[in-house]
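This is what each chain is made of:
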Amino acid sequence: MTPMNPIWGHIAGVFILLMMFTFLGIWFWAWRKYHKPTFNRMARLPMEDEPEVESETKEDRP
């Protein structure tokens, strides 16, 4: 069995760092104060009344 090339360890390390920085970047972007009103509005959506939906009958269809 041949030994694994050490470059694969470096590639894996760089990939993990890229994924970590991507995760942290998305996390910081989501927690900015700029997004707070939008997230608060979306959090209240399930508690709001549902709009009335008109049901279609066979006569209404073309």
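If you're wondering where the values come from, they're calculated on a predicted model, not measured in any experiment.

**Details of the overall build of the chain**
Each helix and strand counted, the chain has two helices and zero strands in total. Counting every position in the chain, which comprises 62 residues, the buried fraction comes to 2%. Accessible area for the chain stands at about 6900 Å²; split by element, carbon and sulfur atoms hold 67% of it.

**Focus: the packing of aromatic side chains**
Within the structure shown, the criterion is met by two aromatic pairs. With a centroid separation of 5.2 Å and an interplanar angle of 75°, the aromatic rings of tryptophan 27 and phenylalanine 28 are classed as edge-to-face. Residue classification places tryptophan 27 among the partly exposed positions, given a relative accessible area of 41%. The exposed category is assigned to phenylalanine 28, whose relative accessible area is 53%. Between tryptophan 27 and tryptophan 31, the ring centres sit 6.2 Å apart and the planes meet at 40°, which makes this aromatic pair tilted. The exposed category is assigned to tryptophan 31, whose relative accessible area is 64%. Here the aromatic residues Trp27, Phe28 and Trp31 are joined through ring pairs into a cluster of three or more.

About the criteria used
Residues numbered from 1 in each chain as written. Predicted model: local features only at pLDDT ≥ 70, side-chain atom pairs only at ≥ 80, totals over all residues. Heavy atoms only, no water. Helix = DSSP H or I, 4+ residues; strand = E, 2+ residues; numbered from the N terminus. Buried < 20%, exposed > 50% of the residue type's maximum accessible area, 1.4 Å probe, protein only. Areas by Shrake-Rupley, 256 points an atom, 1.4 Å probe, with all protein chains shown as cover. Phe/Tyr/Trp six-rings, centres within 6.5 Å; stacked < 30°, edge-to-face > 60°.

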